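# An overview of the molecular structure
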Amino acid sequence: IAGLGGLRYADRAAAVLGRYLTDFSPADLRAMCEAAYARFDPAGVAPLRALSGRTWAMELWHGPTLAFKDVALTLLPGLMAAAGKALGDDRELVILAATSGDTGKAALEGFMDAPGAQCVVFYPEGGVSEAQRLQMVTQRGGNVAVIAVRGNFDDAQTGVKRLFADRDLARQLAGRRRALSAANSMNFGRLAPQVAYYFSAYADLAAAGRLRPGEKLNFCVPTGNFGNILAAVYAGRMGLPIGRLICASNRNNVLADFIGTGAYDARRPFYLTSSPSMDILISSNLERLLFELCGRDAARLNGYMQSLRDEGRYAVEPDVLCGLQSLMWGGWAGDDAVTGEIARVWQEEHYLIDPHTAVASAVLRDYRAATGDPTPCVVVSTASPFKFGRAVARALLPASEGDDFTLCRQLSELTGLPLPAAIAELPSLPIRHTARCDPNDMRRALLRALLDR
Ligand SMILES: *Cc1c(COP(=O)(O)O)cnc(C)c1O
């Protein structure tokens, strides 16, 4: 870890990834990381910003689509192409993604005009921010399609999982030399690159003398589908000295309840919140953590998942709950708390955060109040505040009116922070994608999108 301190981010990432992707040569991995992370702005891939009280924000949103999904999705297309080549597999990849707002755009941008790949994204109609929606429906590229689903993210993700399990669809595509693959964090290629930034944060703090070698560090992660925080769990299992992982949810607080009680119960109202990328009730990657916590007992894990499908709930035994609670603490923050936290952090720290990061920041304060844990902590900052202009303006400019872009311009003036070009250009781009479908009609919508090109 100390050795990582002297390396640039791309080399840190290659060093960590090399522990997983042992089929690639170190030189190839370095070249792929180099190319992917050259697409980030000069601030870097995972810079830290110091806040008061041994707390730092790790900004993961300096990539092309202004959210942390870029860290993996700038890299994944290159990894997939190299793997296909090494295996002599010349089938065209059809990349499917369900998105709660940020994965979709990052996948579209990553796979745009990639040779041998098409990318089809399903997003919940009415369930993403205006900037997120426009980022997707204005996407350029001859190999991409964007489809609105009349449902929420869970409907879209369940539908995509159903497409992956559809043997008949797989046969039809194979007949045209095509194969499905995933851009969601169900794809391990999404998780592996995310492990690297936890090491990077620790290495930066150690190199700056802020941590003694081996000293514990906490991370507080705004969580939806559980991919980001699971990458932190993996970093810990690789030896990173992590104290506690703080799992922060919005009002869709199924994870906070689960970590507190051991009972996962998705039978509850689904809320649209100001942090839409976390509006999720069925957190896909939790299954992977439970697999580890029940000693890789697949039969036991299957029991939980079967019960989730059949009854909408399951409960884990005390040994699993005990393992979970020794890794994690769960909390949640509603929209009013988020508005208050954005305003407080701006006033006290002169630092502008988006609603997802604000959920984490608010939950970290609850955690420290509840436990008195003095361990230093990194708050994982997952999106640029300008992707969620309306929610951020509600905190800083409560009297302002107008569309999201007017609000973003006003925020930029108020804070002196430049409006990112990727947001400023949105209102003037032509709309290219207008398809819509019902959740049970995603198969037909997919085939239509593939035939259209
Ligand atoms: C995807 C996303 C999250 C949630 O991350 P998971 O890996 O799904 O838990 C949080 N914040 C933002 C901005 C996101 O895009």
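These lines cover the structure that appears in this document, whether it is placed above or below. (Residues numbered from 1 in each chain as written. Predicted model: local features only at pLDDT ≥ 70, side-chain atom pairs only at ≥ 80, totals over all residues. Heavy atoms only, no water.)

### So, the pairing of strand E5 (residues 144–149)
Both faces of the sheet carry side chains from a regular strand, because those side chains alternate between them. Within E5, six of the six residues are buried, leaving the element largely enclosed by the surrounding structure. Across the two faces of E5 the burial is the same, with Val144, Val146 and Ala148 and Ala145, Ile147 and Val149 all buried. Two elements, strand E4 (residues 117–124) and E5, share six bridges in a ladder whose sense is parallel. Looking across to E5, one finds that Cys119 is bridged to Val144. Remark: the E4/helix H6 (residues 130–137)/E5 crossover connection has right-handed handedness. As judged from the three bridges shared by E5 and strand E13 (residues 435–437), these two strands associate in the parallel manner. By the bridge assignment for E13, Ile147 is matched with Ala435. (Buried < 20%, exposed > 50% of the residue type's maximum accessible area, 1.4 Å probe, protein only. Helix = DSSP H or I, 4+ residues; strand = E, 2+ residues; numbered from the N terminus. Pairing = 2+ DSSP bridges. Right-handed = clockwise from strand over helix to strand, strands pointing away.)

### A look at helix H15 (residues 335–349)
In this model H15 runs 21 Å from its N-terminal to its C-terminal C-alpha over 15 residues, within 8% of the 21 Å that 1.5 Å per residue would give. When we look at burial in H15, the residues that qualify are Val338, Thr339, Glu341, Ile342, Ala343, Arg344, Val345, Trp346 and Glu349. Where the residues of H15 are buried, they touch strand E1 (48–51), helix H16 (355–371), helix H17 (389–396) and helix H18 (404–415). Directly beyond the C-terminal end of H15, a positive phi value near 55° is found at His350. (Expected span 1.5 Å × (residues − 1). Contact = heavy atoms within 4.5 Å.)

### Considerations on the sheet that holds E4
Spatially, five strands are ordered E6-E3-E4-E5-E13 in an open sheet, and the strand pairing comes out parallel. Taken across any chain shown, the strands that pair with only one partner, and hence form the sheet edges, are strand E6 (178–182) and E13. Neighbour to neighbour, the strand axes of the sheet diverge by 25° on average, direction disregarded. Contacting strand E3 (92–98), E4 and E5, helix H5 (residues 102–111) crosses the sheet at an angle of about 165° to E4. (Axes fitted to C-alpha atoms, helices over the stretch in contact; angles between N-to-C directions.)

### Examining the side chain of Gln132
By the element assignment, Gln132 lies in helix H6. A relative accessible area of 0% means that Gln132 is categorised as buried. Within polar-contact distance, the side chain of Gln132 engages the backbone nitrogen of Ser129 at 2.8 Å. Leave out the neighbours within four places in its chain, and Gln132 touches Ser100, Gly101, Asp102, Pro276, Ser277, Lys387 and Phe388. (Polar contact = N/O pair within 3.5 Å; in protein donor to acceptor, adjacent residues only side chain to side chain.)

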